[in-house]
Amino acid sequence: MSSRVVLAVALLAACDPPDAGDFDRLPVDGEFSVGLDAPAQVARDKYGIAHISTKTVADLGFVQGYVMAHDRLAQMDVLRRFGAGTLAELFGIDSAGTAIDSDLEMRMHRMTYYAEQSWAMLQANPDDAEVVTLLNRFADGVNRYAEDLRAGKWTLDPEVAVSFPIETFRPWSPVDSLVLGRYQAFALSWSTPYEIDLHTLYSELRTAFDDNVSTAAEIVARKGITRDLVRFAPVANVSTVPGFPNVDVDTGTRSDGLGKQSASRRADVPRSELAKARAFFQDNIHVAPGVLGPKAFMKPYAGSNNWAVGPSLGGGAALLGSDQHLQLPNPSIFYPTHLTVRDQGLDVIGITFPGIPGIILGSNGKVAWAATVSEHDVNDVYLEHVVACGGAECVEHEAQQKPIEKRTETIVIGALGTPIRTIDETYEVVPHHGPIIPEIDPTTHRLVPRTSATPLSVKYTGYGPTFEIRALWNLAHAQSVDDGFRALADFSYGSQNWTMIDDTGSIAWTTNAIVPHRSPATYAWNAETNRDGAAPFFILDGRGGYEWEGRMSSRYVPHAVNPPQGYLATANADPVGATFDNDPLGGVEQPIIEGRPLYAGISYAAGVREERITQLILSGGTAQTLEQMAAIQHDNFSTIGAKLAPSVVTALARLDSPSGPPSDLGPYIASLSVADKAKLVAARTLLAAWTYDTPIEASPDGAATAVLNTWMHYFLKSTLADELTAANGFALNRLGSNVQVRIAHAMLTRPATFKLGSTGQPILCDRMGTTGADDSCSKMILAAMLEAMTHLEGRFASANTATWAWGKLHQQTFETLFPNPALRLGPFEKRGDNLNVNRSDHGWADTNFSQFADGPAQRFLAIARPGEPIDVRWQLPGGVIFDSRDRHYRDLLDNYYLPQVHFDAPYSVDEIVADGEYRWDFR
C-alpha cells in the first residue's frame, strides 16, 4: 500500500504465527504485536472496507481504533475539534479569525463538559462495562497508530500532512469519541437559529405591514401578508402515519385547558438582540479558508430519505432503503466497516462517524436500521430580563430574582497544533434555561461583554449528560425491531426517524427522543385569532409561564410497527400531518393531551420527496426488489417542476389570448418585442413537453430543467424580495428552499388563501415602490420567465435551446476538510434539481446552480428474507482510506457513487474472502 512504508518495523515475522482465523485464505499484508486478549484479523476487501474479527470487545475496540486511525486519523482530529471548540489550535493564526469564532461558538454548548459527565456516569454503571471497555480500548488503538506514525512505521499523505502535523496530535481519549457523538446529534437537532429567524421574520412583517399605521396604499394593501410569508403547510400532504399514534381522534379533549392560554403573549424582542443572535449563529460562517466548519454538517443542510417495505409489498421479504443527506466532503463524512466479536456472536456491518467506535447505521444480519432527521423541536429561546441584585446580576423568573452563573473558557490559538497564545472568555448561563447567546466582535474575535438587559438564552435537551453510545451499542445487538426500540430508549436528543426491518419480516419506525412538554400557555398562537400568542417556535418570555413540564409520553412520540399500509416512508417531512392545515398548534390534526396540543415541531421539509417516494413504493407492485429500491434512491424526477410547471405553462398560454383579467396582462404582452415573445414561446414549448426528468446533457428535458429553476430564482426575487426588504432587510435566502417553494406553490395553485390585490391575485406579486396599478402574478410569471430566458441565452451563449445542457450549470464538488485545494474532488456534472429524491439541491438564491451543500452521504439498501441473514448493498461518496496515494482513496466515488451502481457488501466469511485483497494479523 502506498500509505505505508515497508513494514520492516511494523511486521513482526519473528513472532509465533497467529491462531487460525476467519481470513487465513487471504494474503498477509501486515502483522502487529499489540497485546490483545486473543489473535485478531482484519480483512480489507476490494472496496477498501475493513472487516474486523476479534474474540473480545476489548480487542474489537483496539483494532477498530487502530484501523480507523490508519484510514482517517486527520479527519478524526478535525471533527473532534469542531465539536470541542479547539479548531483554533490548528488554524487560529492563519484563518482570519474564523477558526477562533468557531471555537467561541462551540464553547457555548460545552460539548466536552457534558461528554465528561457522560463518561463518568458510564464508568460508574456496571451495566455499561462493555461500552466503557470499547471506548477505552478504541482510544488505545488510535493512540498506538499515532505512535507508530510518529515512529515512521507509517507515512502520511503529503497533501494531508501540510495541515495535519502528527507531532502535535493530542492523544485520543474516550471523551473525544463522546464529544463526536454529541456533536453529530447536536448538528442534526439544533434548531435555535431557525427559531430566531422565524421570530425575526414574523415580528418584522408585523411591524412593516400588519401593525403599520401608515396610510400609504402599498402598506394598506399588504396588511395580513404575514400569514402569507410565515407558512407551515407543506407542498405535499403526505405523512409517515396519519396522525399521532395512540390517540382517539374522537375523544373531544381538544378544548380541555385551552382557556388558560388567553393571557399568553409572544415576547417583544428588541431588534438589536435578534440581530446579535442571528449574527452569532448564522452571519459568521465560521470556516477557515478551505476548511468546512462546524455549520457544514448542520441544518438546513442535513436531511435524508429512508423507507421500509413489508413482506406484503416485498414479495415475502422486508426491504429497507436509506440515504442520509449531509455535507459531501473529502474524506466522506461516514466511515464504513464490519465488526465481529466471536465471544458475543456480534456480527454487524455499517457506518459510523470517524472517531466513534462501533456502528451507527447498518445491519447485524438479524436487524437492519437507518435514520433520517426527524425535525423534533427540542430547544426554546427565551428573552431574559436582567436586573441588579446584591452587587451582581439576576434574571427575573416567576416573581423571583435568580443569579446569572458565569464560567470561563480558555481558547488556545495556534498554528498547526503549536500554541501561540490563549484568550479567556466568560460565558453566562441562566440556570433554569441555559446559556445566554453571546456576541462575537468580528474584528477582535473576542466575546463582547454583555451590556443589554434583555439578552436571549437557550434551553435545549442536549444540555446535559446523554448516552447515545449506549443506545448504538445495544442497537448493534438487537435481534428484532422490538429490541431496536428498547435500545433507542437511551437516544435522548438528536432525534431521528429510525426505520428498521428484521428477519421475521417486521418493519418499524420510531422517532424516540425527549420531546419537551411546555406549559399550556406556550401553545396559544394562532395566525388568525391570536397573533400575539406565544408559540414554542417563537422566542418566549423568560420571566415565566412558558417552561418545560416534563416530556411527551412515548405513547405519543411518532412511531409505528407493521402498519396496515405495508410500508413506512420518511423524508424529513411532517411525520403525522399536524401542519397540513397550516395551523401547527391547533386544527383537526392536533389532538389535545393533558391540556396542551401534541406538538412535535414545524421545521419540516416541503413534503415533495416523501410524496414521490410513497408514489414509487405504491406503484411498485407486491413483489418489490432491491433493484426497485435502488431506482427510488436514484430518482431524479423534478418534484418541484411537477408542482410548478403546469401553472407556469398556463400563464404562458395567455400569450395567445392576452385579453381579459388580470387587466395588466394584455398591455404587458402587447409591449413585448417579437424577439421577447419568441423567448417566452420557446419556454412554454419546453415546459409543456417536460417529462420532469433532469438529464445533464443537452436535451429538451435538460433545457426545461434549466428554464424552470432559473425562472424560480427570478420569480421569487421579483415577488418576495421587496416585501422582505421592507421588513427591515430580511434576506430572501434566509427563508430557505423549503419555505420559498411553499409560498411560490401556494401563490400559483391556491391564490385565494393569500391577501389579494386589485388584480384579484396575491398582492405579493405587486412590485413595491413602483407607480401605477398593482402587478398581477400572471404578468410577473411572464416577466420572470423573460429574465430567465435572457439569462440562459447569455449563459449558454446561444438562443438555441437544443444546445442547453443542465449539467453545465448543475455540478457537484466534494470540498476538502483541510486547507489544501489538491484534496478537492470535482466538479462533476449532476442530474436532479431542488428537492428531488436523489437530493441535488442548489437553491434559488442566485443562478449558480452548483449543488451548494448536501447530498446522499451514503446510499444503503437491505433485504431481509425469512431464515436468511440480511443482505446489504451500498454506495459511498469518496473512498475508505483518506490517502491520495491509495487505490481506495476515491474508488467508491468513481466506480459506484457517480455511476449510481450499488455494490453487494460482503458479509459472510466466504463472501469477504472472495472479495478480499489482503489481511492484517493482530497478535
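Refer to the structure printed above.
Anyway, here's the lowdown on the structure attached to this text.

Backbone hydrogen bonds hold the strands of a sheet together, and the pairing may be parallel or antiparallel. Spatial ordering of the open sheet is given by E12-E13-E14, a layout of three strands whose pairing is antiparallel. A single partner strand is all that each edge strand has here, and the edge strands are strand E12 (386-389) and strand E14 (400-403). Direction aside, neighbouring strands of the sheet carry axes that sit 50 degrees apart on average. Direction of pairing for E12 relative to strand E13 (residues 392-397): antiparallel, over a ladder of four bridges. Bridged to valine 386 within E13 is valine 395.

Across the sheet, six strands lie side by side as E25-E4-E5-E31-E32-E33; this open sheet has antiparallel pairing. The open sheet has two free edges, formed respectively by strand E25 (567-570) and strand E33 (903-904), since each of these has just one partner strand. Relative to strand E32 (residues 871-875), strand E31 (residues 859-864) is paired through five bridges, and the arrangement is antiparallel. The partner of alanine 862 across the bridge, within E32, is valine 872. In the packing of helix H15 (residues 626-633) onto the sheet, the strands contacted are strand E4 (305-309), strand E5 (318-323), E31 and E32, and the crossing angle to E31 comes to about 155 degrees.

To continue, consider empty space enclosed by the protein. The full count for this structure, using the stated rule, is seven cavities of 30 Å³ or more. Computed from the structure, the largest cavity encloses a volume of approximately 330 Å³. Lining the largest cavity are 27 residues; nearest its centre among them are Gln184, Ala185, Phe353, Ile360 and Phe491. Per-element tally for the lining of the largest cavity: the top contributor is helix H7 (residues 174-187), with six residues. Residue composition of the lining of the largest cavity, grouped by class: 15 nonpolar, 10 polar and two charged. Computed from the structure, the second largest cavity encloses a volume of approximately 130 Å³. For the lining of the second largest cavity, the secondary structure elements donating two or more residues are helix H1 (57-84) and helix H5 (129-150). Of all the elements, H1 adds the most residues to the lining of the second largest cavity, at six residues.

How each quantity is defined
Residues numbered from 1 in each chain as written. Predicted model: local features only at pLDDT ≥ 70, side-chain atom pairs only at ≥ 80, totals over all residues. Heavy atoms only, no water. Pairing = 2+ DSSP bridges. Helix = DSSP H or I, 4+ residues; strand = E, 2+ residues; numbered from the N terminus. Axes fitted to C-alpha atoms, helices over the stretch in contact; angles between N-to-C directions. Contact = heavy atoms within 4.5 Å. 1 Å grid on protein atoms, 1.4 Å probe; cavity = no way out; pocket = protein on both sides within 12 Å on 5 of 7 lines; lining within 4 Å. Points joined across faces, edges and corners; volume = space filled by probe spheres on them. Nonpolar A, V, L, I, M, F, W, Y, C, P; charged D, E, K, R; others polar.

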